[in-house]
Amino acid sequence: MNPLSSTARTRLGRLPERSSTDRSVLYEILDDGMICHLGLIVDGSPRVIPTAYGRLDDTLYLHGSTGASSLRAGPSQDICVTVTHLDGLVLARSLFHHSINYRSAIVYGTPRPVDGDEKLTGLRVITEQLTPGQWDVARHPDRKELAGVSVLALSLDEASVKVRQGPPGDEDEDYALDVWAGVLPVTQTFGAPAPDPLLRPDIPIPGHIARRVTS
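What counts and how
Residues numbered from 1 in each chain as written. Predicted model: local features only at pLDDT ≥ 70, side-chain atom pairs only at ≥ 80, totals over all residues. Heavy atoms only, no water. Helix = DSSP H or I, 4+ residues; strand = E, 2+ residues; numbered from the N terminus. Contact = heavy atoms within 4.5 Å. Areas by Shrake-Rupley, 256 points an atom, 1.4 Å probe, with all protein chains shown as cover. Lys, Arg positive; Asp, Glu negative; His and termini not counted. Charge placed at Lys NZ, Arg CZ, Asp CG, Glu CD. Phe/Tyr/Trp six-rings, centres within 6.5 Å; stacked < 30°, edge-to-face > 60°. Lys NZ or Arg CZ within 6 Å of the ring centre and 35° of its normal. Salt bridge = Lys/Arg side-chain N within 4 Å of Asp/Glu carboxyl O. Buried < 20%, exposed > 50% of the residue type's maximum accessible area, 1.4 Å probe, protein only. Arc of directions from axis to C-beta. Patch = residues over 30% accessible without salt bridge, like charges linked within 9 Å, V, L, I, M, F, W, Y side chains within 5 Å. Core = buried A, V, L, I, M, F, W, Y, C linked by side-chain atoms within 4.5 Å. Polar contact = N/O pair within 3.5 Å; in protein donor to acceptor, adjacent residues only side chain to side chain.

Draft legend 1. Summary view of the overall build of the protein. Along its length, the protein carries five helices and ten strands. Once local pairs closer than 6 in sequence are excluded, the contacts in the protein between residues at least 24 apart make up 71%. If you sum the accessible surface of the protein, you get close to 12900 Å²; carbon and sulfur atoms cover 56% of it. Separation between the mean location of the 21 positive side-chain charges and that of the 27 negative ones in the protein comes to 6 Å.

Draft legend 2. Region of interest: the packing of aromatic side chains. Within the structure shown, the criterion is met by zero aromatic pairs. Looking at Arg55, its charged tip hangs above the ring of Tyr27, at a distance of 4.0 Å from the centre.

Draft legend 3. Seen up close, the pattern of salt bridges. Scanning all chains against the criterion turns up ten salt bridges. In this structure, the salt-bridge partner of Arg23 is Asp58, at a minimum N-O distance of 3.3 Å. With Arg23 in helix 1 (residues 23-31) and Asp58 in the loop between strand 3 (45-56) and strand 4 (59-65), this residue pair connects regions lying 35 residues apart in the sequence. For Asp58, a relative accessible area of 31% puts it in the partly exposed group. Linking Glu118 and Arg112 is a salt bridge whose minimum nitrogen-to-oxygen distance equals 2.9 Å. Within the structure, one salt-bridge network assembled from shared partners comprises Arg9, Asp78 and Glu158.

Draft legend 4. Structural context of unusual backbone geometry. Unusually for a residue other than glycine, Asp43 sits at a positive phi of about 55°. For Asp43, the location among the structural elements is in the loop between strand 2 (35-42) and strand 3. Residue Asp43 is classed as exposed on the basis of its relative accessible area of 78%. A positive phi is found at Asp57, a non-glycine position, where the angle reads about 55°. With respect to the helices and strands, Asp57 occurs in the loop between strand 3 and strand 4. Exposure remark for Asp57: the relative accessible area of 57% places this residue in the exposed category.

Draft legend 5. Here's a closer look at helix 1. Of the residues making up helix 1, those classed as buried are Arg23, Leu26, Tyr27, Ile29 and Leu30. Taken end-on, helix 1 shows its buried residues confined to a sector of 165°, consistent with a single buried face. Close packing links the buried residues of helix 1 with strand 3, strand 4, strand 5 (79-91), strand 6 (99-109), helix 3 (116-130) and strand 9 (158-164).

Draft legend 6. Region of interest: a nonpolar patch on the surface. On the surface, Leu86, Leu89, Ile100, Leu184 and Val186 cluster together into a nonpolar patch covering about 360 Å² of accessible area. Among the secondary structure elements, Leu184 is positioned in strand 10 (residues 182-185).

Draft legend 7. Spotlight on the nonpolar core. Counting residues in each nonpolar core, the largest one holds 24 residues, and the members touching the most others are Leu26, Leu30, Leu60, Leu62 and Val81. For this core, the secondary structure elements donating two or more residues are helix 1, strand 2, strand 4, helix 2 (69-73), strand 5, strand 6, strand 8 (149-155) and strand 9. Judged by nonpolar contacts, the second largest core, of ten residues, contains Tyr61, Leu123, Val125 and Val151.

Draft legend 8. Structural detail: the side chain of Gln129. Summarising the element assignment, Gln129 is placed in helix 3. The class of Gln129 is buried, set by a relative accessible area of 12%. For Gln129, the side chain forms a polar contact with the main-chain oxygen of Gly33, separated by 2.7 Å. Setting aside residues no more than four positions away along its own chain, Gln129 makes contact with Leu30, Asp31, Gly33, Met34, Tyr53, Gly54 and Arg55.

Following this line, the structure appears as structure tokens:
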């Protein structure tokens, strides 16, 4: 597995010890997420768009509408895609040393629009990123629906990761303070599935959805 790139954009200037060149760490961060933030310039102005995505090997697929100006502008320029997980609030004895535990990834590059079989592959990957197992049970898009959907492919050739884990780091003299210090973990969980009011009563919750609630 090739290590992550080292470019002027991916090298960390602050706290470089929190970076990693292990590509598997990048994969884990991307695979654990459901929404990325797509940054680009549209009509001369910066724009950051929450976007559904999915990863297949070293390609990130981004979902959007053909009517969205951000997706139309994307293939003509370098873009930046970020994914961040908040894992905990780090509470120190001093306010200065409060922090957060997190995992973050940044991907740079010029995306390309996809069509035909690769477009269907991209939509499958994006669907399975959000709801694993759903691609095999729901109706697939027809020709008209496909025409209204845009899928961009972005290479993971230029990417960086940054991770902070562990307890707070206080000044030596502050360890004697009568102040609680530690980490408040942050987790994301799924609630009980809420059926569509128009759902027929004889249709049960499928296993691939029920498993996400209990896991």
